[in-house]
Amino acid sequence: MGRSQETFSKKEKEKKRIQKRKEKEEKKEERKANSNKGKSFEEMLAYVDENGNITSTPPDPKKKRQINTEDITIDVARATFMPDEKHEGTVTFFNTDKGYGFIKDAKTSESVFVHINDLNGPLQEQQKVTFSIQKGLKGMQAFDVELVK
């Protein structure tokens, strides 16, 4: 009588392969049982209540509020500058070699760009100045900048 062709490792590999196949079938059956396929459209809908929570019950039409679309703001508006108004501020940075700097407005704490062509005299950091504001290429820009005496 001859020896068996199956070794211990072959038997173990076969057992593991059968076990994996069985687990895969069980997972497949579980997915089928919990599947959303075949549900009606109404069963799949979700609603948002007045507090922003997701619920499965539709909202009460009697509690519906009318909202004016003009009242909705997407972003907080930054401080607006009046173009004819004179502002006071402090020079936070100024590079004389490159010819530009920034002024921090005293009222709004906004940083405003200033170019050397818009100055009425020499300018250094930490000096108090008065200036007007206009819309520049990349944002607000100071012009008619004068030192406070």
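Residues numbered from 1 in each chain as written. Predicted model: local features only at pLDDT ≥ 70, side-chain atom pairs only at ≥ 80, totals over all residues. Heavy atoms only, no water.

Visitor: I'd like to hear about the nonpolar core, residue by residue, with values.
Guide: The nonpolar side chains of a soluble globular protein tend to be buried with one another. Counting residues in each nonpolar core, the largest one holds twelve residues, listed as Val91, Phe94, Ile103, Val112, Val114, Leu119, Leu123, Val129, Phe131, Ile133, Ala142 and Val145. Ignoring sequence-local partners within four residues, the contact set of valine 145 consists of Ile103, Val114, Asp118, Leu119, Asn120, Val129, Thr130 and Phe131. (Core = buried A, V, L, I, M, F, W, Y, C linked by side-chain atoms within 4.5 Å. Buried < 20%, exposed > 50% of the residue type's maximum accessible area, 1.4 Å probe, protein only. Contact = heavy atoms within 4.5 Å.)

Visitor: Tell me what's going on with the sheet that holds strand β4 (residues 100-105), and back it up with residues and numbers.
Guide: The strand order around the closed barrel formed by five strands is β3-β4-β5-β7-β6, and the pairing between neighbours is mixed. Between one strand and the next, the sheet's axes are offset by a mean angle of 50 degrees, whatever the strand orientation. Two strands pair when backbone bridges link them, and strand β3 (residues 87-95) and strand β6 (residues 128-135) are joined in this way by four bridges, in the antiparallel orientation. Residue glutamate 88 lies in a different strand from β6, and its bridge partner there is threonine 130. (Pairing = 2+ DSSP bridges. Helix = DSSP H or I, 4+ residues; strand = E, 2+ residues; numbered from the N terminus. Axes fitted to C-alpha atoms, helices over the stretch in contact; angles between N-to-C directions.)

Visitor: So what's going on with a nonpolar patch on the surface? Residues and values would help.
Guide: Residues Ile67, Ile72 and Ile74 make up a contiguous nonpolar surface patch of about 370 Å² in total accessible area. With respect to the helices and strands, the residue isoleucine 67 is situated in the loop between β2 (54-55) and β3. For isoleucine 67, a relative accessible area of 56% corresponds to the exposed category. (Patch = residues over 30% accessible without salt bridge, like charges linked within 9 Å, V, L, I, M, F, W, Y side chains within 5 Å. Areas by Shrake-Rupley, 256 points an atom, 1.4 Å probe, with all protein chains shown as cover. Salt bridge = Lys/Arg side-chain N within 4 Å of Asp/Glu carboxyl O.)

Visitor: Before we move on, can you summarise the environment of glycine 139 with the specific residues and values?
Guide: Within the secondary structure, glycine 139 sits in the loop between β6 and β7 (140-147). C-alpha of glycine 139 to C-alpha of phenylalanine 113: the two residues are 26 residues apart in sequence and 8.1 Å apart in space.

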